[in-house]
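In case you want the letters, here they are:
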There are 2 protein chains.
Amino acid sequence: MRKHGKQIKIYDNKSKMVPSLEEAIRKSGLKSGMTISFHHHFREGDYTTNLVLKHIAALGIRDLTIIPSSLSKVHEPLIELIKAGVIKEIHTSGMRGKLAEFISEGHMEKPIIIRSHGGRARAIEAGEVKIDVAFLAVPRCDEMGNASGNGEHTTCGSLGYAMVDAEYADTVILVTDDLCEYPNMPASIKQQQVDYIVKIDEIGDPEGIASGATRYTKNPKELKIAEYASRVITALPEYKEGFSFQTGSGGASLAVTRYLREAMIKDGIKAGFALGGITQPMVDLLEEGYVKHLFDVQSFDLVAAASIAKNANHHEISASEYANPSNLGCVASKLDFVILSALEVDKAFNVNVMTGSDGVIMGASGGHCDTAQSAKNTIIVAPLYRGRLATVIEKVTTIITPGNTVDVLVTERGIAINPQRTDLIELLSKTNLPIVSIEALVKQAEQIVGKAAPISFEEQVVAIIEYRDGSVLDRIYKRG
Amino acid sequence: MRKHGKQIKIYDNKSKMVPSLEEAIRKSGLKSGMTISFHHHFREGDYTTNLVLKHIAALGIRDLTIIPSSLSKVHEPLIELIKAGVIKEIHTSGMRGKLAEFISEGHMEKPIIIRSHGGRARAIEAGEVKIDVAFLAVPRCDEMGNASGNGEHTTCGSLGYAMVDAEYADTVILVTDDLCEYPNMPASIKQQQVDYIVKIDEIGDPEGIASGATRYTKNPKELKIAEYASRVITALPEYKEGFSFQTGSGGASLAVTRYLREAMIKDGIKAGFALGGITQPMVDLLEEGYVKHLFDVQSFDLVAAASIAKNANHHEISASEYANPSNLGCVASKLDFVILSALEVDKAFNVNVMTGSDGVIMGASGGHCDTAQSAKNTIIVAPLYRGRLATVIEKVTTIITPGNTVDVLVTERGIAINPQRTDLIELLSKTNLPIVSIEALVKQAEQIVGKAAPISFEEQVVAIIEYRDGSVLDRIYKRG
């Protein structure tokens, strides 16, 4: 099997600048039934997706398949476009808020397709999804299309997801609010990949990038979990000079970095690299010399976004370089440790980060299953229960990450180790960490909050969960 | 038409390190009749091509097509491999010395194919030539294959040609003499592209990279030509703040940079970027602030090779980014001026940089026709005659760059302007530069050194000259 080849075009020496989004859409040759893409580096601060789709709708173009790298609450206006027939299919990593509820209620004819970040890069590279036109918001670019994530008005840092679209989409339209002098170097997206450029007033709100999944917790329960997780890491043989790690989004997961820092200082150990969505605590580690390299597919806050432009060892990587399972070694494949959050974990260590306990879509696949499968040690951090709902349960509502790729579950009430990791059981049993069985955790959660009533679903599939290799891992059904 | 897609492979988590070249060749699945590639960043200092081919021959593999980015005198051992049937076809930018003579004498069954640097990138991207195995010498890499041009033992700076091979070859084998700690960042070739890595004692002699085409002239004739060329540039409207230029290899061409520097200092004008094979004078301009950016597809000396690793505005680019005519704008397409050498120039402004006046191959296509077609102003610098041979003649022996892409010919005895550039004729006639007709130059040369006897050729084609767009531009015939 071969990589999908982008259409070969020849530069005509004409200006790539187009005065309006409307004209750019026209020039792109976008027609009803085509596939378009966006990136989600601005997270809740994204203005561009809604704006572009509004213009597309106004031109009477319909039946589109949209494949944004992810969707957030801010994309609520898509509901009207689905109703109006402008959007026919959605492929995304996740979605939240009203749009997610709308989809969960079964209002789309075709189920949406959920892909991990690595799985999306794989599918695009393999030509399983072909992007006709990519609309990519970039904080800075020059008149030829050399683009980067730090601009005069807006900043998103890494453009890792957008880099894949720029490489494979047949037509690439950049949308920017900072047109700079040629050449804009170093460039995340390169002039050889770009067809048209539109300058608008504001592409996004940089404050939005730190919203949602990337809060800094002060919750004592989460801090306890983070401390446990950090102690699990430091007890394992891979924790040594030059080790590597990733901490996913979510309060406890992010807090692990801070505990790990203390351990590294105490032990005089430095990490070789940290990977993933990059946050301020990781940048601090880099600048203090406790991490030698940061690989950044997505900057999770403004400190990280600024760091990528100034720290020589803070490296931008594409989603394919990050986590694509179908290449000769994504960076995730070199991970010693990944620490990931969960909405639900079940007895088989399967993890759900997609649907709430009410069966409604409320999250994103992200790099969860990618890094879980890739890393030597996958540690899930989650409270045993949230409010009156158990997190550790018999069977997860939706499988995003298969249990055979999960090694340890850390809760505030005990740490469960996947039975297949007999080495970890032996090692961690020697510590004073509270090692328990996963069944004991399920029971404990039940005892505290009781067993939730089963959710009633209807027959209609509203979402298909693709595993990173393209196989169907699970389905989400319409709420009953 | 779509880009050729590299074979998709999945990393098996095994080590990519292979103990010997022989085993790497075996693992690559290389078979008789396949196509392999090399790069020429070490120029006359390249050890790897000969070494790899020796091992391939020892394994009994035959009938190979080799597509190095170029060949030099150091590749004389290929003669024996051609005779032995190991090498059946050669695609290259050029060749020199004994090998070039051997080819010119018609000893290969199939004519070699000569491509420009941009044309090679185009042909590979378009899948016109498919590389089964690329053997790429890299001065430094890590165990996963992240590779760069500056190592402990050897240095070649930019890996611009090799980057194309790494992106499109089905199997990529790196050959290095400096295996460093993971991750080797920033990387010119990335781990996702690399199958196997072999560590050997020495991949090349860095001193070799400054040899051959990149001498620094003290010849008064060449200095006069360079001064004239610099005065042509400064008389044109594109010479203003932010202008861009490239100076090709060859004494006079390289010397232009030095004269241009003086003019820029005097005029208080700074260049936006310089492109091409990068040399010390260009690095000086960057460090002094007279050029804002350097785009480097090939480092022509050790100062340039060192600069790329330390100067943030010295950017490595691939041959495709440099000069590929089939993408959305190679950097060459943004050139205001290119200054190029010539072995011969004729009345139609056609340029030969490939064959000597005796009809024997002795040069390389390089980026000559790429930049000539791309730049706004193409200036050829050449002495009117060399020894007893005229340079400016009725008809060039071999066309590498078509005359309709050449604007000005600068000799020490006068400057000829292509009649199609009436704007330049008007502008330059106002200066005190010695503007003459090309016919007058031909006549003058004839008067000084006489008319050379016509070369006698036989019917056998020994080389096909492909233009950058893939069309056949000319043929070289066997010497009679």
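Residues numbered from 1 in each chain as written. Chains lettered and ligands numbered in written order. Predicted model: local features only at pLDDT ≥ 70, side-chain atom pairs only at ≥ 80, totals over all residues. Heavy atoms only, no water.

Participant: Can you walk me through the overall build of chain A in this structure?
Facilitator: Along its length, chain A carries 14 helices and 26 strands. Relative to the compact-globule value of 23 Å for 480 residues, chain A shows a C-alpha radius of gyration of 22 Å, a close match. Its C-alpha atoms put chain A at 70 × 55 × 45 Å along the principal axes. By residue count, 63% of the 480 residues in chain A fall in the buried class. Sequence separation of at least 24 residues holds for 72% of the intrachain contacts in chain A that already meet a minimum separation of 6. A total accessible area of about 16700 Å² is found for chain A, and carbon and sulfur atoms account for 48% of it. Looking at chain A, you have 52 positive and 59 negative side-chain charges, and the mean spots of the two groups are 3 Å apart. (Helix = DSSP H or I, 4+ residues; strand = E, 2+ residues; numbered from the N terminus. Rg over C-alpha atoms; globule rule 2.2 N^0.38 Å. Buried < 20%, exposed > 50% of the residue type's maximum accessible area, 1.4 Å probe, protein only. Contact = heavy atoms within 4.5 Å. Areas by Shrake-Rupley, 256 points an atom, 1.4 Å probe, with all protein chains shown as cover. Lys, Arg positive; Asp, Glu negative; His and termini not counted. Charge placed at Lys NZ, Arg CZ, Asp CG, Glu CD.)

Participant: How do you make sense of the relation of the copies chain B and chain A when you look at a structure like this?
Facilitator: Relating the two copies of this chain is a rotation about some axis coupled with a shift parallel to it. For the pair chain B and chain A, the relating rotation is 180°, the translation along its axis is 0.0 Å, and the fit reaches an RMSD of 0.0 Å. Taken together, the rotation angle and the small translation identify this as a two-fold axis. Relative to the rotation axis, the C-alpha of B:Gly5 is the closest in chain B, positioned 2.6 Å from it. Looking at chain B, 100% of its interface residues are interface residues in chain A too, so the copies touch through the same face. (Least-squares fit on C-alpha atoms with pLDDT ≥ 70 in both.)

Participant: What am I meant to see in the environment of B:Arg120 here?
Facilitator: Residue and element names in this part refer to chain B. With respect to the element layout, Arg-120 can be found in helix H5 (residues 117–125). Taking relative accessible area as the criterion, Arg-120 reaches 9% and is therefore assigned buried. Sequence-wise, Arg-120 and Asn-324 are 204 residues apart; in three dimensions their C-alpha atoms are separated by 8.0 Å. Ignoring sequence-local partners within four residues, the contact set of Arg-120 consists of Ser-37, Phe-38, Ile-67, Pro-68, Ser-69, Arg-115, Tyr-161 and Asp-165.

Participant: Could you clarify how one ought to interpret the domain arrangement of chain A in this entry?
Facilitator: All names here are of chain A. Taken domain by domain, chain A holds domain 1 (17–208) and domain 2 (213–453). Between the C-alpha centres of domain 1 and domain 2 there is a distance of 29 Å. Of the residues lining the interface, 35 residues belong to domain 1; the matching set on domain 2 comes to 33 residues. Summing both partners gives a buried area of about 2400 Å² for domain 1 against domain 2, and 57% of it is carried by carbon and sulfur. Counting the contacts that link domain 1 with domain 2 gives 0 salt bridges. Among the elements of the structure, helix H4 (97–104), strand S5 (112–114), helix H5 (117–125) and helix H6 (160–168) are those that each provide at least two residues to the side of domain 1 that touches domain 2. No other element matches the 6 residues that H5 contributes to the side of domain 1 that touches domain 2. Taken together, the residues of the side of domain 1 that touches domain 2 sort by class into 12 nonpolar, 16 polar and 7 charged. (Domains from an automatic or database assignment. Buried area = accessible area lost by both parts, 1.4 Å probe. Salt bridge = Lys/Arg side-chain N within 4 Å of Asp/Glu carboxyl O. Nonpolar A, V, L, I, M, F, W, Y, C, P; charged D, E, K, R; others polar.)

Participant: Explanation requested: the interface of chain B and chain A in the structure shown.
Facilitator: Put simply, an interface is often sized by how much accessible area is lost when its parts join up. The partner chain A presents 45 residues to the 45 residues of chain B that form the contact. Here chain B and chain A share an interface that buries about 4000 Å² over both sides, 56% of which is from carbon and sulfur atoms. The largest contributions to the chain B side of the interface with chain A come from B:Ile8, B:Gln192 and B:Leu328, which together make up 20% of the buried area. Linking chain B with chain A are 8 salt bridges. Its salt-bridge partner being A:Asp170, residue B:Arg2 comes within 2.7 Å of it at the nearest N-O pair.

Participant: Would you mind showing me how to read a negative patch on the surface here?
Facilitator: A contiguous patch of negative charge, built from A:Glu76, A:Glu101, A:Glu105 and A:Asp358, is present on the exposed surface. Tracing the chain through its elements places A:Glu101 in helix H4. (Patch = residues over 30% accessible without salt bridge, like charges linked within 9 Å, V, L, I, M, F, W, Y side chains within 5 Å.)

Participant: Explanation requested: the pattern of salt bridges in the structure shown.
Facilitator: Any two side chains of opposite charge can pair, so long as their charged atoms come close to each other. Residues and elements named next belong to chain A. Evaluated as defined, the whole model comprises 53 salt bridges over all chains. A salt bridge links Arg-122 to Glu-466; the shortest N-O distance between them is 3.7 Å. Within this pair, whereas Arg-122 is found in helix H5, its partner Glu-466 is found in strand S25 (residues 457–466), the two being separated by 344 residues in sequence. Each member of the pair Arg-122 and Glu-466 is classed as buried. Beyond isolated ion pairs, a larger network of salt bridges with shared partners links Arg-115, Arg-122, Glu-128 and Glu-466.

Participant: Mind showing me how you'd approach the packing of aromatic side chains here?
Facilitator: For any pair of aromatic rings, geometry is given as the distance between the ring centres together with the angle between the planes. According to the stated counting rule, one finds 12 aromatic pairs over all chains in the structure shown. Centre to centre, the rings of A:Tyr239 and A:Phe243 are 5.2 Å apart; their planes meet at 65°, and the pair counts as edge-to-face. With relative accessibility at 1%, the residue A:Phe243 sits in the buried group. Here the aromatic cluster, defined as three or more aromatic residues joined through ring pairs, consists of A:Tyr239, A:Phe243, A:Phe245 and A:Phe337. Against the face of B:Tyr182 rests A:Lys334, its NZ or CZ located 4.7 Å from the ring centre. (Phe/Tyr/Trp six-rings, centres within 6.5 Å; stacked < 30°, edge-to-face > 60°. Lys NZ or Arg CZ within 6 Å of the ring centre and 35° of its normal.)

Participant: Even after reading the chapter, I still don't get helix H1 (residues 21–28) of chain A, so can you show me in this structure?
Facilitator: Because an α-helix packs 3.6 residues into every turn, residues spaced three or four apart end up facing the same way. All names here are of chain A. When we look at burial in H1, the residues that qualify are Leu-21, Ala-24, Ile-25 and Ser-28. The arc enclosing the buried residues of H1, seen along the axis, measures out at 100°, which places them on a common side. For H1, the elements touching its buried residues are strand S1 (17–18), helix H2 (48–58), strand S6 (133–138), strand S9 (171–176) and strand S10 (196–199). Of the residues one or two after H1, Gly-29 is the one with positive phi, at around 75°. (Arc of directions from axis to C-beta.)

Participant: For this particular structure, what's the right way to read the nonpolar core?
Facilitator: The tendency in soluble globular proteins is for nonpolar side chains to be buried side by side. Counting residues in each nonpolar core, the largest one holds 113 residues, and the members touching the most others are B:Ile56 and B:Ile103. Per-element tally for this core: the top contributor is strand S6 (residues 133–138) of chain B, with 6 residues. Residues in contact with B:Ile56, not counting those within four places in the same chain, are B:Ile25, B:Leu30, B:Ile36, B:Ile61, B:Leu64, B:Val86 and B:Phe135. Counting residues in each nonpolar core, the second largest holds 112 residues, with A:Ile56, A:Leu64, A:Leu71 and A:Cys330 among its members. (Core = buried A, V, L, I, M, F, W, Y, C linked by side-chain atoms within 4.5 Å.)

Participant: Looking at this structure, I do not really get the sheet that holds S25(A). What am I missing?
Facilitator: Strand pairing in a sheet relies on backbone hydrogen bonds. The paired strands run either parallel or antiparallel. Residue and element names in this part refer to chain A. Across the sheet, which stays open at both edges, the 10 strands sit in the order S1-S10-S9-S6-S2-S3-S4-S5-S25-S26 with mixed pairing between neighbours. Looking at the sheet topology across the chains shown, the edges are occupied by S1 and strand S26 (472–479). Of the strand pairs in this sheet, strand S2 (residues 35–37) and strand S3 (residues 64–66) are connected by 2 bridges, and their pairing is parallel. Paired with Thr-35 across the strands is Thr-65, a residue of S3. On top of the sheet, H1 reaches S1, S6, S9 and S10; it is set at about 170° to S9, its chief contact. Contacts between H2 and the sheet are confined to S2, S3, strand S4 (87–92), S6 and S9, with S6 contributing the most and set at about 140° to the helix. (Pairing = 2+ DSSP bridges. Axes fitted to C-alpha atoms, helices over the stretch in contact; angles between N-to-C directions.)

Participant: Whenever I open this one, the sheet that holds strand S16 (residues 344–346) of chain A confuses me. Can you help?
Facilitator: Residue and element names in this part refer to chain A. Taken in spatial order, the 3 strands make up an open sheet running S17-S16-S21, and their pairing is mixed. With one partner strand each, in any of the chains shown, strand S17 (351–352) and strand S21 (392–393) form the two edges of the open sheet. As judged from the 2 bridges shared by S16 and S21, these two strands associate in the parallel manner. Along S21, the bridge assignment pairs Val-345 with Val-392.

Participant: What is the right way to look at the packing of helix H8 (residues 251–267) of chain B against helix H9 (residues 280–288) of chain B in this model?
Facilitator: Axes are the key here: two packed helices are described by the angle between their axes and the distance separating the axes. Residue and element names in this part refer to chain B. Orientation of H8 relative to H9, taken along the N-to-C sense of each, is 25°, at an axis distance of 9 Å. When the interaxial angle is binned, H8 and H9 end up roughly parallel. Contact with H8, carried on its side by Thr-257, Arg-258 and Arg-261, involves Pro-281, Met-282, Leu-285 and Glu-288 of H9 and no other residues of that element. Grouping the amino acids of the contact of H8 with H9 by side-chain chemistry returns 3 nonpolar, 1 polar and 3 charged. (Parallel < 35°, antiparallel > 145°, perpendicular 65-115°, else oblique.)

Participant: Quick question: what am I supposed to make of the packing of H5(B) against helix H6 (residues 160–168) of chain B here?
Facilitator: Residue and element names in this part refer to chain B. Between H5 and H6, the least distance of the axes is 10 Å, while the angle of their chain directions is 5°. When the axes of H5 and H6 are compared, the pair comes out roughly parallel. Across from His-117, Arg-120, Ala-121, Ile-124 and Glu-125 in H5, the residues of H6 making contact are Tyr-161, Val-164, Asp-165 and Tyr-168. Class assignment of the residues belonging to the contact of H5 with H6 gives a composition of 5 nonpolar, 1 polar and 3 charged.

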